[in-house]
Amino acid sequence: MQNNYYWSEDWSEEFYIELAKAGFISTTYETKDTLVLLPELQFSYAVLKFEDLHISKKVKKLLKEDNFIFSIDNDLDAVLEMVATQHRYNWLKGEYLHLLKKLHKKEQNDFKLISVELYDKVTKKLIAGEVGYIIKKTYTSLSGFSLREKNYNNYGTLQLVLLAKYLQKNGFLFWNMGHPHMAYKQRLGAKIYARDEFLKLWSKALYLY
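Presented here is an overview of the structure given in this document.

Thresholds applied
- Residues numbered from 1 in each chain as written.
- Predicted model: local features only at pLDDT ≥ 70, side-chain atom pairs only at ≥ 80, totals over all residues.
- Heavy atoms only, no water.
- Axes fitted to C-alpha atoms, helices over the stretch in contact; angles between N-to-C directions.
- Helix = DSSP H or I, 4+ residues; strand = E, 2+ residues; numbered from the N terminus.
- Parallel < 35°, antiparallel > 145°, perpendicular 65-115°, else oblique.
- Contact = heavy atoms within 4.5 Å.
- Nonpolar A, V, L, I, M, F, W, Y, C, P; charged D, E, K, R; others polar.
- Core = buried A, V, L, I, M, F, W, Y, C linked by side-chain atoms within 4.5 Å.
- Buried < 20%, exposed > 50% of the residue type's maximum accessible area, 1.4 Å probe, protein only.
- Salt bridge = Lys/Arg side-chain N within 4 Å of Asp/Glu carboxyl O.
- Pairing = 2+ DSSP bridges.

For any two helices packed against each other, the geometry is given by the interaxial angle and the distance between the axes. Interaxial distance between helix α2 (residues 57–65) and helix α5 (residues 155–169) falls to 10 Å at its minimum, and their mutual angle equals 75°. By the angle between their axes, α2 is roughly perpendicular relative to α5. Facing Val 59, Leu 62 and Leu 63 of α2, the residues of α5 in contact are Tyr 155, Thr 157, Leu 158, Val 161 and Leu 162. For the contact of α2 with α5, the class distribution of residues is 7 nonpolar, 1 polar and no charged.

What follows concerns the nonpolar core. Grouped together as the largest cluster of nonpolar side chains are 71 residues, with contacts concentrated most on Tyr 16, Leu 142 and Trp 175. At 8 residues, α5 tops the list of elements feeding residues into this core. Other than its neighbours up to four places away in sequence, Tyr 16 contacts Ser 26, Leu 37, Tyr 96, Leu 99, Leu 100, Leu 103, Phe 111, Tyr 133 and Leu 142.

Our focus in this paragraph is the pattern of salt bridges. Tallied over the entire structure, the rule returns 6 salt bridges. The partner of Lys 191 in a salt bridge is Asp 52, with the nearest N and O atoms 3.6 Å apart. Taken together, the residues span a long stretch of sequence, with Lys 191 in strand β9 (residues 191–194) and Asp 52 in the loop between β3 (44–48) and α2 at a distance of 139 residues. Two residues, Lys 112 and Asp 73, come together in a salt bridge whose shortest N-O distance is 3.6 Å. You can see Lys 112 sitting in strand β5 (residues 111–120) and its partner Asp 73 sitting in the loop between β4 (68–72) and α3 (76–86), a full 39 residues away along the chain.

Strand β6 (residues 126–135) sits mainly inside the fold: 10 of its 10 residues count as buried. In this structure, β5 lies alongside β6, joined through 9 bridges in antiparallel fashion. Its bridge partner lying in β6, Phe 111 is registered against Ile 135. Hairpin geometry of β5 and β6 is characterised by an intervening segment of 5 residues between the two adjacent antiparallel strands and by a positive phi of about 65° at Lys 124. In the sheet, β6 pairs with strand β7 (residues 138–146) via 8 bridges, with the strands oriented antiparallel. Opposite Ala 128, over in β7, you have Ser 146 as the bridge partner. Connecting the antiparallel pair β6 and β7 is a turn made up of 2 residues, with Lys 136 showing a positive phi of about 50°.

Read these as geometric descriptors, not functional statements.
Here it is in C-alpha cells:
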C-alpha cells in the first residue's frame, strides 16, 4: 500500500486483465532500451456515480440541438488513431496497442475492451471518443480525445455525458475515471476516493455482484 507504480514486460492478455481486476490502471513507459507495461495502483481515484452526474447548460444545449451521432464500439482503430494524433505524449503505442486490439476481439473473464465514438451528424466526422474497459458492472476509462476546432467546443464534454447516460441506462454501478487531478472530472460530478476507499468500492462491485 506504499507504492503506486510498477513495471512489467509481460504483455499477455491474462496478466493485463488480472491487473485491471485488482484495480490497477496500466499505461506504458519507454526506457532507453524498450517499452514496458506500467501498471499503477493509484493513491486516489475519480469515481462518477451516475446520480451525481452534472450536465452544464452548454451541453444541455448541444443535447437539444441533436447534431451528433453517439456510438459504442463502432470504430476502435479510428479512436486509437485520433488519440495518438491529438496528444503530445501518447502512451497507447507499440506492444500496448497490439494488446488492446487483441483484447478487443473477444470478451473474456468478465472483461471487455470498448471504444466510444461521437460523430458530427452531417459530415460523419469523428469529433470525440475514448477507449476503456468494462468489468462486470463497472467501466474504466483509459484515454480519449476531442477535436479542438472552435465549432466543436464542448463536444468532448458532450461525449462524456452521453457515455455516463449510456452506462446508467445499462445498469452500471459507477465509472472509474482514473486520476482525479483533471478538473473536468469533478465538474462532471466525479468524487475523489482515496486508494483504500476505492479498493473497498471496487472489490464490492467485482465480487459481490
